[in-house]
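Read off the chains here:
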Amino acid sequence: MNTAPRQSPSRWWKRGWLLALVLVVATLVAYRPAWNGEAVYDDNDHLTPPELSGLEGLAKIWSELGAVSQYYPITHSAFWLQQHLWGDAMLGYHLVNILLHAVAALLLGRLLQRLEVPGAWLAAAIFALHPVHAESVAWISELKNTLSGVFYFGAALLYLGFDETRRKKLHVAALVLFGIGLLAKAVIASLPAALLVVFWWKRGSISWKRDVVPLLPFFALGIIAGLFVAWMERKFIGAEGEAFAFSFVERCLIAGRAVWFYAGKLLWPADLVFIYPRWQVSAAVWWQHVFPVALLLFAAALWARHRRARGPLAALLFFAGTLFPVLGFLNVYPFVYSFVADHYQYLASAGLLTAAAVGIASLLNRAGCWGRPVGNALCAALLLVLATMTWRQSRMYGDVETLWRTTIERNPACFVAHSNLGNHLLDTGRVDEAIHHGLIALRLQPGFAEIHNNLGNALRQKGSDDEALGHYRKAVELRPTLAEAHFNIGAILLKQGRGDDAMASFQSAVELRPEFVRARNNLGTILLEKGQVEEAIRHFEAALQTRRDDPEVHNNLGNALLRQGRTDDAIIHYRHALKQGDDLVATHHNLGMLFFQKGRAGEAVSHFQRIAELQPGSATAHNNLGWILRVTGRLDPAITHLQKALELRPDYPEAHNNLGKALFEKGQVREAIPHYRTALNLQPDNLHAMANLAWALATSPDASVRSATEALELALRANQLSGGNNAAVLQSLAAAYAEAGRFSDAVSACEQALQVAGPDSPTTPVTDLRAQLRLYQNGLPYRGNPAKPPGQSAAP
């Protein structure tokens, strides 16, 4: 075989760094459209979640199966580190992926150069810039491809050093690097077999002692890793069932067609798609047998001429052997959607791309222009075409919508694309479009549980709860282990007031996914409402073990602890909740009430003020702030907020009552009384407004305001409604009796108020009652100090 001139080592050192720099820059430029691409498809399943961001989370990545989407601890440790370096900024993740790809290409070039392969650096450049790799490089999740690729080529380079020198240190180093690479992605398990292919190509035969024995530890590690990943695919990811029920012959049909498919995409990288159509496999269709038969005949033809040229057969063996894990003989979950994917041939492509580079170098060498301006220009033109195609292909990964719409454009029958586009449209508020694509996905694949679940989400947001519930139940029927569908059923049942049924669904979701935070939170909330406080606390605490900074769970745990009287512990969790989400109105309200009860009025006011800031258009927020400001003696701002509440909602009885109270305490009795009356007109059984109005009519210093008859009528009715057990109402009744001249009844009512209030009443001070009692015992009515009302109104 004709070969191109080889570069000398000295020339490599002179030109190597320049070539490396040019290749890295070219790769970065070719992937420029993907630099700031957002997270797409399952990227968020791979990026480190908040609950794993600490050192404990890093330990779980290594020690706990199921803690992350796939057990590739090196890859997920890399994601963990990046999360600490640049958080959610996508630029960092993309640049790391691109640079790792460039490094893998450089290692490939150095490896081929060490093997004295003609056109080594052309092969490396084609590998770096070929658009079929855009899926591996521009898709953040495929860090596992680029990272394991670096370990793969690095281990191979070290092993070649060992093969030449037999230095044990290089053997150990290569084995260590290979082991680390397996923990990045087990697809590199084929490395020892690939090395044997290389040795056969170089020497024409394989020696058991020289070639095979040193690779036995590599084979052992690779086999263990491969079997483990195959088990994980079945156990944790769901790569089993009817979708994978293929006979051995059918799997051979898949493999044969896949090899030709991948080779075709390398040769002519047009119409690259994120998810390719999934072809129907049938041993009864004669032409499907053509693919594996043609592959075997082609391999036989290459074998027939291997004595003259082993390179082509070696390239084919490397290509097909490296592809073996994804050719259909092992179950891989994405086979549910398609039997092929561009990222599957990331490493395998090096075999055919190297063969292509050798062919180009040989042709140019025969023409006498290899290494000359014309030859360099032709190679540059090829690389420019590939880089341009990569530029265009990488744009597809810029955002979620572009990815799925492009996929649908090139593969209209892709049910996954329609379903996931529907999810994205739902997230962006385009509910009708989401339902449209969900229905298309359902028509294309009616037996897929996730589609029913996703369509249910869209219908639920549309307000069609019953229809959504039907789809959720169908999803559970199709896939009983789909925890998300169980959760969604529970959410609808809870909304419908069917708490017990909802609780059963949430329990199923938790049993299927113990780390399901939302399910545990909802289950705990129902248990809390049912009075099962200890059980509720157990679920809230378990949820926080998974996601320790979840504000809603901290708030609900605070509520549960408050039920047990553990106010200090409750405050700690409320503060945790606000630390993570300062916009939690319920938490601010709970903390405000707790601080008020503890006599920490300033802190209570600050929390109610925050609620009003968060909800400036909420009448309730202004009423509650007005109430706490009045209680703490800040009458002018209290009146301002209560007036704002009534401006927003004129028919708000509590705000009328509270404003009346504030005006009364400020001495504006005439202005207060109409608000009490309005509150009673809006809510005839408003106990507080009734008692307050009775008090004002009985105790006002202005005789023209007082009305003993109406005051007594109101107070008696309020006392009847309260069952005679409200100290403030009894206080008003006593004042009304005194105003009517019925002092013995006034004394009796005041003594009863003292008994009900007890010695430490926060709402009806005993000293006031005793002073009033002395007046009634002396036959005198109470002529009020507005700052001493009959008692505080109830908390909002």
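You'll find the structure just up there.
No experiment lies behind these values; they were computed from the predicted model shown.

J.: Account for unusual backbone geometry, naming residues and giving values.
T.: Where the residue is not glycine, phi is negative for most of them; where a peptide bond is considered, it is trans in most cases. A positive phi angle, close to 60°, is found at Glu116, a residue other than glycine. Residue placement: Glu116 occurs in the loop between α5 (90–114) and α6 (120–129). Since its relative accessible area comes to 44%, Glu116 is described here as partly exposed. Unlike most non-glycine residues, Arg166 shows phi in positive territory, near 60°. Examined against the element boundaries, Arg166 turns out to sit in the loop between α8 (143–165) and α9 (168–182).

J.: Give a detailed account of helix α28 (residues 567–580), specifying residues and quantitative values.
T.: Compared with the 20 Å implied by 1.5 Å per residue over 14 residues, the 20 Å span of α28 between its first and last C-alpha is a close match. Within α28, the full set of buried residues consists of Ala570, Ile571, His573, Tyr574, Ala577 and Leu578. One face of α28 carries all of its buried residues, which in axial projection span an arc of 170°. Those residues of α28 that are exposed and aimed more than 90 degrees away from the buried face are Asp568 and Lys579. On the buried face of α28, the contacting elements are α26 (533–546), α27 (551–563), α29 (585–597) and α30 (601–614).

J.: Lay out the packing of α5 against α6 with the relevant residues and their values.
T.: Where α5 meets α6, the closest approach of the two axes is 8 Å, and the angle between their N-to-C directions is 160°. Classified by the angle between their axes, α5 and α6 sit roughly antiparallel to one another. Between α5 and α6 lies a crossing whose hand is right-handed. On α6, the residues that touch His101, Ala104, Ala105, Leu106, Leu108, Gly109, Arg110, Leu112 and Gln113 of α5 are Ala120, Trp121, Ala123, Ala124, Phe127 and Ala128. Across the contact of α5 with α6, the residue classes break down as eleven nonpolar, three polar and one charged.

J.: How would you summarise a nonpolar patch on the surface if you had to cite specific residues and measurements?
T.: Together, Leu21, Val25, Val29 and Trp391 line one region of the surface with nonpolar side chains, adding up to about 370 Å² of accessible area. Ranked by residue count, the leading element in the nonpolar patch is helix α1 (residues 9–30), at three residues. Tracing the backbone through its elements, the reader meets Trp391 in helix α17 (residues 373–394).

J.: Quick one: what's the story with the nonpolar core, residue by residue and with numbers?
T.: If you look at the biggest cluster of nonpolar residues, it comprises 202 residues, and the most contacted ones within it are Phe127, Phe153 and Trp404. For Trp404, the contacting residues outside a window of four places in its chain are Tyr41, Phe274, Ile275, Val416, Ala417, Asn420 and Leu421. Core analysis: the second largest hydrophobic core is formed by 54 residues, Leu697, Leu712, Ala715 and Leu730 among them.

Cut-offs used in this document
- Position numbers for residues count from 1 along each chain, tracking the sequence in the order it is written.
- In keeping with the model being predicted, local features are shown solely for residues with a pLDDT of at least 70 and side-chain atom pairs are shown and tallied solely at 80 or more, while totals for entire chains, interfaces and linings include all residues.
- Hydrogens are left out, water is left out, and the side-chain values use all remaining heavy atoms of the structure.
- Here a helix means four or more residues in a row that DSSP labels H or I, a strand means two or more in a row labelled E, and each is numbered from the N terminus.
- Accessible area is worked out with a 1.4 Å probe on protein chains only. A residue is then buried under 20% of its type maximum, exposed over 50%, and partly exposed in between.
- The length a helix should cover is 1.5 Å for every residue beyond the first.
- Each C-beta atom gives one direction from the helix axis, and the arc is the one those directions make.
- Contacts are residue-level and defined by heavy atoms, with any inter-residue pair within 4.5 Å sufficient.
- Axis geometry follows a simple rule: fit a line to the C-alpha atoms, using only the stretch in contact for helices, then measure angles between N-to-C directions, giving values from 0 to 180 degrees.
- Roughly parallel means an angle under 35 degrees; roughly antiparallel, over 145; roughly perpendicular, 65 to 115; everything else is oblique.
- If you view the pair so one helix is near and one far, a crossing is left-handed when the near helix is turned anticlockwise from the far one by less than a right angle, and right-handed when it is turned clockwise.
- Residue type decides the class: Asp, Glu, Lys and Arg count as charged, Ala, Val, Leu, Ile, Met, Phe, Trp, Tyr, Cys and Pro as nonpolar, and the leftover types, Gly among them, as polar.
- Every patch collects residues that have over 30% relative accessible area and no salt bridge, joining them within 9 Å if they carry like charges and within 5 Å if they are nonpolar side chains (Val, Leu, Ile, Met, Phe, Trp, Tyr).
- Per-residue and other accessible areas follow the Shrake-Rupley method at a 1.4 Å probe size, with only the shown protein chains counted as cover for residues.
- We define a salt bridge as a side-chain nitrogen of Lys or Arg found within 4 Å of a carboxyl oxygen belonging to Asp or Glu.
- Residues grouped as a nonpolar core are buried Ala, Val, Leu, Ile, Met, Phe, Trp, Tyr and Cys residues, joined through side-chain atoms within 4.5 Å.

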